[in-house]
Amino acid sequence: MIKESKAMLLTGNHAVSYGAMLARPNVLPIYPITPQTPIAEKLTELQLNGELEAETITPESEHSAMAACITASLTGVRVFTATASQGLFLMHEMLHYASGARAPIVMANVNRTIGSPWGFWPDQTDSLAQRDTGWIQYYSESAQESLDTVLQAYRTAEQVLLPAMVIHEAFYVSHSLEVVDVPSRTLVDSYLPPFDPELYLDPSINRSWGNVVNQEMFWRHRKALGEAMDQALDVAAKADTEWKELTGRGYELLEAYRCEDAEVLIVTMGSMCGTAREAVDMMRDQGTAAGLLKVRLFRPFPVDMLQNLLKGVPRVMVMDRNFSPGLGGILHQEVKAAVCGMEKAPAVHGFLTGVGGLNVSPALIASLVKRTKLKQADINSIWVGEEDGE
Amino acid sequence: MENDKHYDICEENIFSSGHQACPGCGQALAFRYVLNTLGPDTIAVVPPSCAAIISGPQPYSSMRIPVYQTTLESSAASASGIKRALKSKGKDHIQAIAIAGDGGTYDIGFQALSSAAERGEDIIYFCMDNEGYMNTGTQKSSSTPHYAYTTSTPGGKTTMKKNLVEIMAAHQIPYVATATVGYLDDLVNKIKKAKEIKGTRLINILTPCLDGWGLTDSSAVGISRLAVTSGIFPLYEVENGTRYTLNYGADGTPVSEYLKVQRRYRHLQEEQINEIQAEVDLQYSILKRKIACFA
Amino acid sequence: MAKTSDKIVEIPTTWTTGWTDIFNTGTWRSAVPVHQHRPAPCHKACPVNGEIPTWIQQLKNGEHREAWLSLTANNPFPAVIGRVCHHPCELECNRNEYDEKVSVKALERYLGDLALEKDWKLHIMNLSRKEKIAIVGAGPAGLSAAYQLRRRGFAVTVYEAQQKPGGLLYYGIPSYRLPQNILNGEIERLLQTGIELKTGALLTNPADFKKLKETYAAVFIATGAQHKPGLKDLDDKPEYLDGLKFLEQINTGIPAIPGPKVVVVGGGNTAVDAARSALRLGSREVIILYRREREQMPSSAEEILEAEEEGVKLELLAAPLALQRDGKKNTLLCQRTQLGEPDESGRQRPVVVEDETFAIELDTLIGATGTQADLTPLKGLLDLEGQADAGNGFFAGGDLISAERYVSCAISAGHLGAIEIYRYLGFEEDNREEENDPVAFKEINTFYFPSKPTLKKYKEPVETRTEDFREVEAGILLDQVVAESERCFSCGNCLYCDNCFYFCPDMAVQRDESLEEGYRVLDQYCKGCGLCAAECPRGAIVLKEELK
C-alpha cells in the first residue's frame, strides 16, 4: 500500500473537485447550478492557480456542456463536468448521445429535488431518472468516497468506453465538511493511466462517428453497449480493489455491513447509508439482527452479487430517497426485480423515506425495521414521514 | 465578370463521390467547395440535416475528414469541444468546423451558436441555408422567407426571414459572411479568408433545395444567382461586427424573376410580390447604408 | 504508465471504415451529359461553312495567324469576303437575342487585311498528285475550286475569258466597297500557290470543254451568269445603261458618265452599287425603282441605308413602263404595283395597280434587274437537274448553275465542286455537314457574358464619301477586335472552361486530356442532374436520355 496523501478539510463538492483535478482532465465544460456550483468554482480556482491544466468551457447550458464533453472525449482527451437536478434533465438527450458515442466522460451529479415546485433538497430522483441513459452510476455517501469514486469512475469508464456519473446528495454530502485524505499525483498517475483510445477524431486516423445506421447495426450497437455495461461490473470491482491496495480505501460495489444472520437487511444508497449503519449498530446492540446492504453501483446493477448477499435473508427493507410516480421507490422496484426467481427469495419491503430531503434518523430506521419484521411486505412502496419514526 | 474562372482549391477530393444528396443538390456542391477549400486538417460536426444524409450511411463517409454527427441543437457546442480538445493536445492547427442546416442554426441550434460566438470559440460555422426543414420534407424554419409555402405554412409564411448575419455580426465576432453556390469564386475566397482568421467565424451559404423550393434538377446555380442579383440574398462580409463589404449585389433584376420560377411561390398574388420587392429594397438600402457608414 | 492496451471492449462498430465512393449513384439517373461539338448558328448559316467560333476564339487568344489559317481553310479571300459578304452569320448570331450580333464580317476583314499586310501565305500541299484539273472561269467559284484542289495537291489551270481574274468581284463591285488592291492582293496570293492562270481564253462551246478533258482529269466550269435580260422596250434607248456593264466600265477605267438625273431599276446589289456609283460620277438625283417593298430588296439593308445616307431615293412598289420625251425633258412612265400572292419562292408577287401611273424625270436609265446563266454550251456534259457530277469528269458551280447570287455562295460552290472532283478521282473526304442540332439561344448561359453592344465601325463621312470611289468603311482596330471576339458565345464549341468539372455536385466530371472532348463523365457517379449542361456557357454539353 502506497501511503502518499494529504489530509484536507473538504466539503463533498470540493472533494469531487480534487478528485477531478487529480485525474488531469483536458477539457472542462461546466454550467453552474445549485448545489453543484462549488465543484466548478473549485476547479476554475485550481486552474487559475496552475494546479490544473485544462480548457474550461463556459457554455450557455448544460445541454451544450454535455455536447462539448462528448466531442472532446471523442477527440481523445479526458473530460469532466458536473451538474444537478434540472441541469441533468436538460442534458438528458445528450446523456444518451454520450453513451451511444461510447465517450468515457465522468460527471458528478449532486442530487437535488426536481421542479416543479422549486427546491434545493437532497433527492435522488434526478439521477435515477437517467438510469436508462447508458451511464455507469455510482452513489457516494461521503466526501472521501466521492473523491475516490471520481478516480475509480475514470478507470472503469475508460476501460469499457462508457460514461460514468458520480452521485452524491445535496448538502448532506455536497456541503458537509470532513477531513479528506487527498492522494498525491504520483499515486493517482500510477492508478489512472492517460486516456489513450485506439480511435478518436483526428485527421491522421480519418474516421467518422455517428453516421446513420440500419436496424441491424443499431441492434448490434445497443447489444455491444449492454455487453460493455456487463463488463463494467468486473472492471469496477477491480478498480475498487486496486484502489484499496494503493490507499487502503475500498468500497465494494455492494457493501454488506453486519449482514451475518440478519433477520432484516436494509438496502439503500447515498447518505442514508451512514445513518443506516448507525441504526444497525444500535439494533445489533439491542439484539435485533439487522444489517445494511449499501448499493454503491446502481448501473450496471449488480444483480448476481445482490442475490448472493440475500441468500437466506428472510426480509429486505429498501429505503428510497426518490420517487417514481405510479410505481414507487426506484431502488425498491429494482431490488424486487433482482430477487425475482431466487429460491426462497426474501420479502421485499419498500419505504419512501427522505423524499425531498426529509431527515431520516436512526430511530426512524429502527422503527421501520421493526415494522418489517412484524408485517407482510406491501406490494407498493410505503410513504414514510419524519413523524413516522416517533 | 470574367468569362471562365479557375478556382484555387484543394485538388484532392475531400468530398467524395457516391454521396446520397439528391441529383443537382446545391448543398452537395457547397460541401465540395467547403471541404476542398479547407483541406484535410479539419474535423467537422454535423447535426441531423440534409448534411447528415450527405455525410453518408455507416460505415461509409463522403467526407474524407473526421466527422461527428451530433444532435440538432448542439453543433456549435460540439465543435467547441473538438477545438478545445485539439488545443489541449497541441493540435491547434486543425480546424474544427460545424456544417449545419438553417433549422439547426437559426432555430434550435441558435442558443449554442450564440454562446460559442460570445465565448469566441475558434471554430468555423457553416450554415447550409436552404430556408426550411427540407430533410423532414419542407417545414418552415425561421430562415424561411416571407410568403414561402412550406408544409407547415401551407398558406405561405406570414413573417420575414430571420437575419442571421446581422445577429451574428452583433456578436462582434471576427468574420460573418454570406455566400452561395452561384458564385463559387466568392465562396472559395470567403472560406480561405475565414480559414486564416482566429475566433468564431460564420458563413451562411444559400444552398437551394430543388425539391423544397420546387425547381428542376439543373437549377441550383442559376437560382442562387437570381437570389443575389435580385437583392434578396446579397453576398457580403462583416468583420468584427462593423466592417461591411459587399461582394456581389443587386443588379436591378426584379424579385419576381427569382420568385416566379419556384413552386414555393407559385401562389403569390401581384400585391404580395410587390410587398416582397419593397421589403427587399428596404433591406438592401439598409445594407448599403451600413457599408457606407463603416467605409 | 500502463497503456490501456488491456482494454476489454472492442472498438465499437460505429466508426466509419471507408468512403461513399463505393456507391454507384450513377444508377439513379435517367439522362447523361454528353460533351458534344455542336454547330453554332453562324456556322450553320455561313455559305462557305466557315468555322466562325473557332477562328474568333483564336483571334480572342491573340493567335492571329492561326485564326487566319482556320478562316482560309474554307475561304481564300477573307479580306474580300470581310467587305462584301451578305453575312447571314450575323443575322443568325445567337447574340441578337441577347443584345447585338457579333460583327463577324468586321473581324474577318481585320484578319484578311492583316494577312495581306503581313504577307502570310496560304497553306497548301505539295504538288503530289498526278492528275491535272482545269477550271473554266476565274470568278469566286472558279478560284475557290482551284484553291481547294490545289490545297489537296493537284495541279490546276484556270481559263479566264477576260483579261483579269476575279469575275464579278473585279468587274461588278465598285471599289468604294472593295478596293482593287485588296482583291488583287488576295488573288495574287492565291495564284502564288502554283495555280496556272490563262486569261483571254474564251471557252464557250461543248467542243472546247471536251478538248480540255483530253488533258485534264476533270473540268470545273464556273463561267457565271452572263446573260443580261435587260428591260423590255427600254434597253434599246440611248438613255439606257446596263447596270453591270456600267460597273465594269468604272472598274476598268473607262466609265460611261451618267446624266444628272438617274433612275436605276432593280433591288439587288448591282442596282444599289450602280446608284451609288452614279452619285460618285457626278449625278445629282438618283432614284432606285423597285417593284416590291424595301424588305424584299435582295441588296443588304446596310447598303441600302448607306445609299440613302448618300442621297439615293427609293421609289418602291413601282415598275418602269416607257421612256417618254417631253420637249427637252425625258421622263420614265412608271406603273404603281402592290404586293399580291406569294410566288413559289415565297416572295409576294408584285401586282399592277390598275390606272395608277406616274412619271419621273431622268437623263439616264440604268437597268439592274439581274442576270441569267446561258446553259446551252453545257448540254450533254452535265446533268443540270442534279448538282454537277454526271460521271464524266465535268463539273460546274457558281452563278452558272445557282440562283443564289452571293459571293460567299460562289466560293462555297467552288469548294463543293472541288470536293466532288476529289471524290470523283477516287479520294475520300468526309461530308462536311454536321449531324448535331445547332445551339439555340436558350442553351447559352448568359451569366457568363455581360451585356455589351457590338463594335462601332468607322465610316467615311457622308459629305466626303461621294467625292470619289474611296472606301466607305474603315477597318477596325485591335482593341475593337479583342472586345468583339470576347463577345462571341462560341456556341457549341467547348473552350475547356472547366465549368462542367467545377459545377458537378458529384465530382462525376473529370478532366481527361486523352479524350478529344477533354472531359470524362463518370458513369458510376453521374446522377444526371444536368448542372454541367446548365452551367456550360455555350451549349457544348447535351443531356441525353438513357433507356435502361
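Analysis parameters
Residues numbered from 1 in each chain as written. Chains lettered and ligands numbered in written order. Predicted model: local features only at pLDDT ≥ 70, side-chain atom pairs only at ≥ 80, totals over all residues. Heavy atoms only, no water. Core = buried A, V, L, I, M, F, W, Y, C linked by side-chain atoms within 4.5 Å. Buried < 20%, exposed > 50% of the residue type's maximum accessible area, 1.4 Å probe, protein only. Helix = DSSP H or I, 4+ residues; strand = E, 2+ residues; numbered from the N terminus. Domains from an automatic or database assignment. Contact = heavy atoms within 4.5 Å. Pairing = 2+ DSSP bridges. Axes fitted to C-alpha atoms, helices over the stretch in contact; angles between N-to-C directions. Buried area = accessible area lost by both parts, 1.4 Å probe. Salt bridge = Lys/Arg side-chain N within 4 Å of Asp/Glu carboxyl O. Polar contact = N/O pair within 3.5 Å; in protein donor to acceptor, adjacent residues only side chain to side chain. Nonpolar A, V, L, I, M, F, W, Y, C, P; charged D, E, K, R; others polar. Expected span 1.5 Å × (residues − 1). Parallel < 35°, antiparallel > 145°, perpendicular 65-115°, else oblique. Right-handed = clockwise from strand over helix to strand, strands pointing away.

**Observations regarding the nonpolar core**
Judged by nonpolar contacts, the single largest core of 117 residues is most densely connected at B:F31, B:M63, B:I99, B:F126, B:I205, C:W55 and C:I135. Of the residues forming this core, the biggest block, eight residues, is contributed by helix α1 (residues 26-38) of chain B. Shared between two domains, this core holds at least three residues of each, these being domain 1 (20-37 + 494-545) and domain 2 (43-227 + 371-435) of chain C. Apart from residues no more than four positions distant in its own chain, C:W55 is found in contact with C:A67, C:S70, C:L71, C:V104, C:L107, C:E108 and C:L111. A:L88, A:M91, B:A79 and B:Y244 belong to the second largest nonpolar core, which has 85 residues in total.

**A look at the sheet that holds strand β6 (residues 136-139) of chain A**
Within a beta sheet, neighbouring strands are joined by backbone hydrogen bonds and run either parallel or antiparallel to one another. All names here are of chain A. Judged by pairing direction, the sheet is mixed, and its five strands sit side by side in the order β4-β5-β7-β6-β12 without closing on themselves. Pairing within the sheet leaves two strands with one partner each, and these edge strands are β4 (80-83) and β12 (297-299). Sheet twist, expressed as the mean angle between neighbouring strand axes with direction ignored, is 25°. Taken together, the six bridges between strand β5 (residues 106-111) and strand β7 (residues 164-169) define a ladder with parallel strand orientation. Paired with N111 across the two strands is E169, which belongs to β7.

**A short note on the interface of chain B and chain C**
Between chain B and chain C, the residue contacts involve 42 residues of the former and 38 residues of the latter. Buried area between chain B and chain C, summed over both chains or domains, comes out near 3400 Å², and the portion from carbon and sulfur atoms is 56%. Across the chain B-chain C interface, the total number found is two salt bridges. One salt bridge in this structure joins B:R225 and C:E535, with 2.6 Å as the shortest N-O distance. There are 20 residue pairs in polar contact (both at pLDDT 80 or more) connecting chain B and chain C.

**A word on the domain arrangement of chain A**
Residues and elements named next belong to chain A. Segmenting chain A into domains produces domain 1 (5-247) and domain 2 (254-389). Taken over C-alpha atoms, the centre of domain 1 sits 27 Å from the centre of domain 2. If you look at the interface, domain 1 gives 27 residues, while domain 2 gives 26 residues. Where domain 1 abuts domain 2, roughly 2200 Å² becomes buried across the two surfaces, and 54% of that area is made up of carbon and sulfur atoms. Connecting domain 1 to domain 2 are seven salt bridges. In this structure, E141 and R277 form a salt bridge, with 2.8 Å as the shortest nitrogen-oxygen distance. Contributing elements (two or more residues each) for the side of domain 1 that touches domain 2: α5 (125-128), β6, α6 (143-160) and α8 (215-247). The element that contributes the greatest number of residues to the side of domain 1 that touches domain 2 is α8, accounting for five residues. Residues of the side of domain 1 that touches domain 2, tallied by class, amount to 13 nonpolar, seven polar and seven charged.

**Description of helix α9 (residues 180-191) of chain C**
Residue and element names in this part refer to chain C. The first and last C-alpha atoms of α9 sit 16 Å apart over 12 residues, in line with the 16 Å expected at 1.5 Å per residue. Among all positions of α9, only I182, L183, E186, I187, R189, L190 and L191 are buried. Buried-residue contacts for α9 involve α3 (64-72), α4 (78-84), α6 (104-118), α7 (140-151), α8 (168-171) and β5 (196-198).

**As for the environment of C:Q180**
All names here are of chain C. When you line up the elements, Q180 lands in helix α9. Owing to a relative accessible area of 26%, Q180 belongs among the partly exposed residues under this scheme. Note: C-alpha distance between Q180 and E361 (181 residues apart in sequence) is 34 Å. Those residues within four positions of Q180 in sequence are excluded, and the remaining contacts are Y170, S175 and N251.

**Considerations on the packing of helix α3 (residues 75-88) of chain B against helix α5 (residues 110-119) of chain B**
All names here are of chain B. Two elements in contact, α3 and α5, have axes separated by 7 Å at closest approach and are oriented at 40°. Taken together, the axis directions place α3 and α5 in an arrangement best described as oblique. Across the interface between the two elements, A76, A77 and S80 of α3 pack against A112, L113, A116 and R119 of α5. Tallied by class, the residues present in the contact of α3 with α5 amount to five nonpolar, one polar and one charged.

**As for the pairing of strand β4 (residues 155-159) of chain C**
Residues and elements named next belong to chain C. Judged by how many residues are buried, β4 sits mostly within the fold: four of five residues are covered. Examined bridge by bridge, strand β3 (residues 132-136) and β4 share five bridges and lie parallel to one another. Following the sheet pairing, I135 is matched in β4 by V158. Note that the unit made of β3, α7 and β4 has a crossover that is right-handed. With three bridges connecting them, β4 and β5 associate as parallel partners. Looking at β5, one finds that T157 is bridged to E196.

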